[in-house]
Amino acid sequence: MYGLAEVDRTIASIHGISLTNNQSDEVRFNHLPLPNNPIYEQ
Amino acid sequence: MNNKVIHKANTRGKSDHGWLQSYHSFSFAGYYNPERMGFGVLRVLNDDRVAPAMGFSKHPHDNMEIISIPLHGDLEHRDSMGNVSVIKQHDVQIMSAGTGVFHSEMNRNKDLEVAFLQIWIYPKMYNIQPRYDQRTFHPNDRLNKMQVIVSPYGESGSLIINQDAWLLLGCFSEEVIYSYNLRRKENGLYIFVLSGSVTIDSETLNTRDAMGLWDIENISLHIKSGSELLLLDVPMQ
């Protein structure tokens, strides 16, 4: 979408933003992917 | 009639990331409480403290109205629209993320923490062109009264938000009984006590406590001297 690959995923997650890769490995983001925040599940 | 919620300060979510200490009025990141998913279009009210020289490096947002209110310290903002600024106490910043922006929020100081409120409000119109604004609000203009800092049409020199929402700050050196008229019948009022004490309908709120009210037209606040308040008058859906 934007240049999301450069974003620090931990910082984004702390800030309520989840970054994911789709099938074409394009990075996308969502606000507040509650209750399943992938960073906090690790 | 059930038209009230009370959120005591010590029931907020807490995040401790070392460099970031945050209290969440509503579910956010690692804090999830299905009873605290927001208040109408108000989705996030975070009470953040960031260690010197630390902060949120570049990250994205879209379709969210993001308001930052520094309480002390200096917060440096940079965004993909080309804005670079440092906001401090008495400033208020708003960003309409719209179709999408990147920004960073860093503590500008190397030896002092920065404390700020961050508020996310769902927008009225989606996919608008991103926009940024900030303003300094003189504290004398909210002494013993409420000062509009954010509104849909820039009321009283306030910042414009892409939502039928009004945010007001007040700083009270005297004991005051303040009557507040909600701006729209579809709106509710979220009262956040920054410091001091307020009594509403025989319920006393202290520092960082909050109360949400809806299906009302008017509310009387008994505000003790030495209190600071943030009011958020927001659509309930």
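Residues numbered from 1 in each chain as written. Chains lettered and ligands numbered in written order. Predicted model: local features only at pLDDT ≥ 70, side-chain atom pairs only at ≥ 80, totals over all residues. Heavy atoms only, no water.

A few words on the interface of chain A and chain B. At the interface, 19 residues of chain A touch 27 residues of chain B. Applying the counting criterion to the chain A and chain B interface returns 1 salt bridge. One salt bridge connects E6(A) with K58(B), and the closest N-O pair in it is separated by 2.6 Å. Our enumeration of links across chain A and chain B arrives at 6 residue pairs in polar contact (both at pLDDT 80 or more). Broken down by secondary-structure element, the contributors of at least two residues to the side of chain A that touches chain B are α1 (9–14) and β2 (27–31) of chain A. Ranked by residues supplied to the side of chain A that touches chain B, first place goes to α1(A) with 3 residues. Residue composition of the side of chain A that touches chain B, by class: 11 nonpolar, 6 polar and 2 charged. (Contact = heavy atoms within 4.5 Å. Salt bridge = Lys/Arg side-chain N within 4 Å of Asp/Glu carboxyl O. Polar contact = N/O pair within 3.5 Å; in protein donor to acceptor, adjacent residues only side chain to side chain. Helix = DSSP H or I, 4+ residues; strand = E, 2+ residues; numbered from the N terminus. Nonpolar A, V, L, I, M, F, W, Y, C, P; charged D, E, K, R; others polar.)

Once that is clear, we can look at the sheet that holds strand β18 (residues 197–200) of chain B. All names here are of chain B. With respect to topology, 4 strands assemble into an open sheet ordered β16-β21-β18-β19, the strand pairing being antiparallel. With one partner strand each, in any of the chains shown, β16 (176–181) and β19 (203–206) form the two edges of the open sheet. Pairwise comparison of adjacent strand axes, ignoring direction, gives a mean angle of 30° for this sheet. Bridge count between β16 and strand β21 (residues 218–223): 6 bridges; the pairing is antiparallel. (Pairing = 2+ DSSP bridges. Axes fitted to C-alpha atoms, helices over the stretch in contact; angles between N-to-C directions.)

Attention now goes to the pairing of strand β1 (residues 17–21) of chain A. Residues and elements named next belong to chain A. The sheet contact formed by β1 and β2 spans 5 bridges and is antiparallel. When the bridges of β2 are listed, N21 appears paired with V27. Where β1 hands over to β2, the hairpin turn is made up of 5 residues, of which D25 adopts a positive phi near 65°.

All names here are of chain B. Read from one edge of the open sheet, 4 strands run β5-β10-β7-β8, paired in antiparallel fashion. The open sheet has two free edges, formed respectively by β5 (55–61) and β8 (84–88), since each of these has just one partner strand. Between one strand axis and the next, the sheet turns through 20° on average, direction left out of account. As judged from the 5 bridges shared by β5 and strand β10 (residues 101–107), these two strands associate in the antiparallel manner. Across the sheet, residue H61 finds its bridge partner in β10, namely V101.

In this section: the domain arrangement of chain B. Residues and elements named next belong to chain B. Partitioning chain B into structural domains gives domain 1 (12–136) and domain 2 (139–235). Spacing between the C-alpha centres of domain 1 and domain 2 amounts to 20 Å. A buried area of about 2,300 Å², summed over both sides, lies between domain 1 and domain 2, and 70% of it is on carbon and sulfur atoms. Linking domain 1 with domain 2 are 2 salt bridges. Salt-bridge contacts for K124 lead to D164; the nearest nitrogen and oxygen are separated by 3.1 Å. Here domain 1 and domain 2 share 12 residue pairs in polar contact (both at pLDDT 80 or more) between them. At the level of elements, β4 (42–50), β6 (65–72), β9 (91–96), β11 (114–121) and β12 (131–136) are the ones that each hand at least two residues to the side of domain 1 that touches domain 2. (Domains from an automatic or database assignment. Buried area = accessible area lost by both parts, 1.4 Å probe.)

Further remarks concern the pattern of salt bridges. Any two side chains of opposite charge can pair, so long as their charged atoms come close to each other. Residues and elements named next belong to chain B. Across all of its chains, the model carries 15 salt bridges over all chains by this definition. A salt bridge links D209 to K8; the nearest nitrogen and oxygen atoms lie 3.4 Å apart. Of the two residues, D209 sits in the loop between β19 and β20 (210–213) while K8 sits in the loop between β1 (4–7) and β2 (13–16), which places them 201 residues apart along the sequence. Relative accessible area serves as the criterion here: at 6%, D209 is assigned to the buried category. According to the relative accessible area criterion, K8 is partly exposed, its value standing at 29%. Between D133 and R135 there is a salt bridge; the shortest N-O distance is 3.0 Å. (Buried < 20%, exposed > 50% of the residue type's maximum accessible area, 1.4 Å probe, protein only.)

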